[in-house]
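# Breakdown of the fold
Next come the chains, spelled out residue by residue.
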Amino acid sequence: MDPSESEFVSHAPGYWEADPQWGDWRWQMKHRVTTLAGLERHLELTAAERAGVLLAGTKLALAVTPHYFNLIERDNPGCPIRRQVIPRIEEGWDTPYEMSDPCGEDAAMPVPGLVHRYPDRALFLVTDRCASYCRYCTRSRVVSGVGEQELHTDFEQAFQYLEKHPEIRDVLLSGGDALILSDDRLEGLLKRLRAIRHIQFLRIGTRVPIFLPQRVTPQLCDMLKKYHPLWMSVHVNHPRELTVEVRDALGRLADAGIPLGNQSVLLAGVNDSAETMKDLVQKLLMCRVRPYYLYQCDLIRGSSHLRTSVARGVEIIEALRGFTTGYAVPQFVIDAPGGGGKVPVNPSYVIYHDKEKVVMRNYDGKIFEYPEPVASGEPSRCDELLPV
Ligand SMILES: *Cc1c(COP(=O)(O)O)cnc(C)c1O
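Residues numbered from 1 in each chain as written. Predicted model: local features only at pLDDT ≥ 70, side-chain atom pairs only at ≥ 80, totals over all residues. Heavy atoms only, no water.

## Let's talk about the overall build of the chain
For the chain, the count of helices and strands is 13 helices and 12 strands. On C-alpha atoms alone, the chain measures out to a radius of gyration of 22 Å, which is about the 21 Å that the 2.2 N^0.38 rule sets for 388 residues. A principal-axis box enclosing the C-alpha atoms of the chain has dimensions of 75 × 50 × 45 Å. Burial analysis of the chain (388 residues in total) assigns 53% to the buried set. Of all intrachain contacts in the chain linking residues separated by at least 6 positions in sequence, the fraction that spans at least 24 positions is 76%. (Helix = DSSP H or I, 4+ residues; strand = E, 2+ residues; numbered from the N terminus. Rg over C-alpha atoms; globule rule 2.2 N^0.38 Å. Buried < 20%, exposed > 50% of the residue type's maximum accessible area, 1.4 Å probe, protein only. Contact = heavy atoms within 4.5 Å.)

Put into structure tokens, the structure is as follows:
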């Protein structure tokens, strides 16, 4: 493995001439690569990519911040950073079972922009824009402004719904990316949510610290920490995304007392090897980020070239469990097609289980037996666990 993948490398100007405003997030947003000409100014595209870019205008917009663009390896068409943000012709392919709303979110919206799937928590889509667009975006139908639908979040109705539902104790701000909003706009939302007594827990799902670490200013952190308990889920897929700038941004968030989790998506040619994932999760711990979920790639339209087998995900978890820090091992999940929510998928360590004992294997394949309590009188679920 390339040693630079486990090291923190600074990706200050590479493709760009050094610009005094490089560290300003507004400059980064203004100078995003969003067109074919913009891409070709910096990178030699393959025919499959060029065709993909032309397609992007009607499916999911192209946008890459200069910061993230600089991580692309110039001479490697298979670069894992490149695969995540540069469109490809395969996005135009429709393969069986693919959907525009694979997690069935639209059907779980009691009011526009608020998804209420689980009993005690709600997902609040507060914007349809991101700093850069992931080609496998599960919400590409509404995100970036060029897809088949538009997101019309009704903020007033959403707040009223949350007020009227005391069972909701956890609200997750997502989108798009909530950190794209200005500090004032975001603070307005957090303040309003905090005024609802039964909402105990707030979290923000964001890839901004990775695409646009400059956005994580001390002022933003000072604002966020007024709304604790506030947690954050970031989204890193490959160890090279964890640059010095990203590590420092995550450090500022952690210093503001924000517990950080990471959600990765398992992607073919990006992170579908145990070696890459181990590097990633260990590097995340160094950034004070706890790997939270590893997602099987949703059945989003035009994602066949990025999806892997479920078995690959299970293999990766098996290669992590026991072989690295327990905190570094994420939960592998499939967001059930059609709207079942996240379902954990685990390697099987229990080989046999009956009323008397559990027979299991450990991480490196040795077999162990644990006797069940004798005549405990407890109702047993072991019959369900018997292998068929
Ligand atoms: C993922 C998700 C949540 C949060 O789930 P956790 O398992 O608590 O992280 C909530 N609502 C929806 C619709 C989701 O997709």
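Moving on, there is more to tell.
## Notes on a nonpolar patch on the surface
A contiguous nonpolar patch, built from Ile 351, Tyr 352 and Ile 367 and spanning about 260 Å² of accessible area, is present on the exposed surface. Note that Ile 351 resides in strand E10 (residues 350-353). (Patch = residues over 30% accessible without salt bridge, like charges linked within 9 Å, V, L, I, M, F, W, Y side chains within 5 Å. Areas by Shrake-Rupley, 256 points an atom, 1.4 Å probe, with all protein chains shown as cover. Salt bridge = Lys/Arg side-chain N within 4 Å of Asp/Glu carboxyl O.)

## A closer look at unusual backbone geometry
Of note, the amide linkage connecting Gly 175 to Gly 176 takes the cis form, showing an omega dihedral of 20°. Relative to the helices and strands, Gly 176 is located in the loop between strand E3 (170-174) and helix H7 (183-194). Cis geometry is adopted by the peptide bond preceding Pro 229, which originates at His 228 and carries an omega value of -5°. Along the polypeptide, Pro 229 turns up in the loop between helix H9 (218-224) and strand E5 (230-234). With a phi close to 75°, Tyr 97 is a non-glycine residue in the positive phi region. Residue class for Tyr 97 comes out exposed when judged on its relative accessible area of 68%. Although it is not a glycine, Ser 144 sits at a positive phi angle of roughly 90°. Its location among the elements puts Ser 144 in the loop between strand E2 (121-125) and helix H6 (155-164).

## Let's talk about the domain arrangement of the chain
Note: interface size is frequently given as the accessible area lost on complex formation between the parts. As assigned here, the chain comprises domain 1 (5-88), domain 2 (106-344) and domain 3 (352-385). A straight line from the C-alpha centre of domain 2 to that of domain 3 covers 36 Å. (Domains from an automatic or database assignment.)

## Some thoughts on the packing of aromatic side chains
All chains considered together, the criterion is met by 11 aromatic pairs. Look at Trp 22 and Trp 27: their rings are 5.6 Å apart centre to centre, the planes differ by 50°, and that puts the pair in the tilted class. This pair shows no difference in class: Trp 22 is buried, exactly as Trp 27 is. With centroids separated by 5.7 Å and ring planes inclined at 50°, the aromatic side chains of Phe 124 and Phe 155 adopt a geometry described as tilted. In this pair, Phe 124 is assigned in strand E2 and Phe 155 in helix H6, connecting sequence segments 31 residues apart. Residue classification places Phe 124 among the buried positions, given a relative accessible area of 0%. Cluster of aromatic residues (ring-pair linked, three or more members): Tyr 15, Trp 16, Trp 22, Trp 27 and Phe 69. (Phe/Tyr/Trp six-rings, centres within 6.5 Å; stacked < 30°, edge-to-face > 60°.)

## What about the site of the ligand?
If you check the shell around the ligand, you find Val 115, Arg 117, Tyr 118, Arg 121, Leu 123, Leu 172, Arg 203, Tyr 292, Tyr 293 and Lys 342 and nothing else. Note that an oxygen atom of the ligand is positioned 2.5 Å from one of the side-chain N or O atoms of Tyr 293. Secondary structure elements with two or more residues in the shell around the ligand: strand E1 (114-118), E2 and strand E7 (289-296). With three residues, E1 is the largest single contributor of residues to the shell around the ligand. (Near = heavy atom within 4 Å. Polar contact = N/O pair within 3.5 Å; in protein donor to acceptor, adjacent residues only side chain to side chain.)

## So, H7
If you check H7, its first and last C-alpha atoms are 16 Å apart, about what 12 residues at 1.5 Å a residue would give, namely 16 Å. Here H7 has its buried residues at Leu 186, Glu 187, Leu 189, Leu 190 and Leu 193. Down the axis of H7, the smallest arc covering the buried residues is 160°, so these residues share one side. The exposed residues of H7 that point more than 90 degrees off its buried face are Asp 184 and Lys 191. Close packing links the buried residues of H7 with E2, H6, E3, strand E4 (201-205), H9 and E5. (Expected span 1.5 Å × (residues − 1). Arc of directions from axis to C-beta.)

## Brief notes about the packing of H6 against H7
Orientation of H6 relative to H7, taken along the N-to-C sense of each, is 25°, at an axis distance of 11 Å. The pairing of H6 with H7 is recorded here as roughly parallel in orientation. Of the two possible hands of crossing, H6 and H7 adopt the one that is right-handed. Where H6 approaches H7, its residues Phe 155, Glu 156, Phe 159, Leu 162 and Glu 163 are matched on the opposing element by Arg 185, Leu 189, Arg 192 and Leu 193. (Axes fitted to C-alpha atoms, helices over the stretch in contact; angles between N-to-C directions. Parallel < 35°, antiparallel > 145°, perpendicular 65-115°, else oblique. Left-handed = near helix turned anticlockwise from the far one by under 90°.)

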